[in-house]
Amino acid sequence: MMHWCRVSAVVVLGLGVAGCAHGNIRSVASYHPPPPPHVKQSLFDPYAPYGSTPAVWRPALASRAGTIVKPNDPVDQADRPSYETSAWSIDQKAAKAGTF
């Protein structure tokens, strides 16, 4: 019985070590990653010095209803739906307040 346990332990250990002999370990020369995605802004320079882009900062304003109004920025607002002019927005509800 003792001999059978030793043989099975050696077999299991051998199979475990044999799995490490080959598999997912490759040399650097054999690695071919996929090509990088295309850049949407072809003139964008990630190595440009700080402050070299002509960015204009405009502060956020407050509406008469007391909500913060973000200034329009066409870069991040191009495909955004107009939540401010929707029927359920706080500005539309505030315009109806006090009417019976």
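Nothing here was measured: the structure is a model prediction, and the numbers come from that model.

(A) Broad picture of the overall build of the chain. Each helix and strand in the chain was counted, giving two helices and two strands. Reading the helices (α) and strands (β) of the chain from amino to carboxyl end gives α-β-β-α. Burial analysis of the chain (100 residues in total) assigns 2% to the buried set. Carbon together with sulfur atoms contributes 66% to the accessible area of the chain, which is approximately 10,100 Å² in total.

(B) Main features of the side chain of S86. Summarising the element assignment, S86 is placed in the loop between β2 (68–69) and α2 (90–96). Reaching out from S86, the side chain makes a polar contact with the backbone oxygen of Y83 at a distance of 2.8 Å.

(C) Layout of a nonpolar patch on the surface. Residues V7, V11 and L15 make up a contiguous nonpolar surface patch of roughly 260 Å² in combined accessible area. Tracing the backbone shows V11 in helix α1 (residues 2–21). A residue is classified by how much of its surface remains accessible, and V11, at 46% relative accessible area, is partly exposed.

(D) Representation of the side chain of S89 in the model. With respect to the secondary-structure elements, S89 resides in the loop between β2 and α2. When its relative accessible area of 5% is taken as the criterion, S89 is described as buried. Beyond its immediate stretch of four places on either side in the chain, S89 contacts Y83 and E84.

Definitions and cut-offs
Residue positions are given per chain, counted from 1 along the sequence in the order it is written. Reporting in this predicted model follows two pLDDT cut-offs: at least 70 for local features of residues, and 80 or more for side-chain atom pairs to be given and counted; totals over whole chains, interfaces and linings ignore these cut-offs and use all residues. As a rule here, side-chain values cover all heavy atoms of the structure and leave hydrogens and water aside. Strands here are runs of E lasting at least two residues and helices are runs of H or I lasting at least four, both read from the DSSP assignment and numbered beginning at the N terminus. A simple rule labels every residue: compare its accessible area, found with a 1.4 Å probe on the protein chains alone, to the largest value its type can have, and call it buried under 20%, exposed over 50%, or partly exposed in between. All accessible-area figures derive from a Shrake-Rupley calculation using a 1.4 Å probe, and residue coverage is judged against the displayed protein chains alone. Here a polar contact means two N or O atoms within 3.5 Å. Within protein one must be a hydrogen donor candidate and the other an acceptor candidate, and residues neighboring in sequence count only if both atoms are side-chain atoms. The residues that make up patches have over 30% relative accessible area and no salt bridge, and they are joined within 9 Å when like-charged or within 5 Å when they are Val, Leu, Ile, Met, Phe, Trp or Tyr. We define a salt bridge as a contact between a side-chain nitrogen of Lys or Arg and a carboxyl oxygen of Asp or Glu at a distance within 4 Å. The contact criterion used is simple: two residues touch if any of their non-hydrogen atoms lie within 4.5 Å.

By themselves, these figures tell us nothing about what the structure is for.
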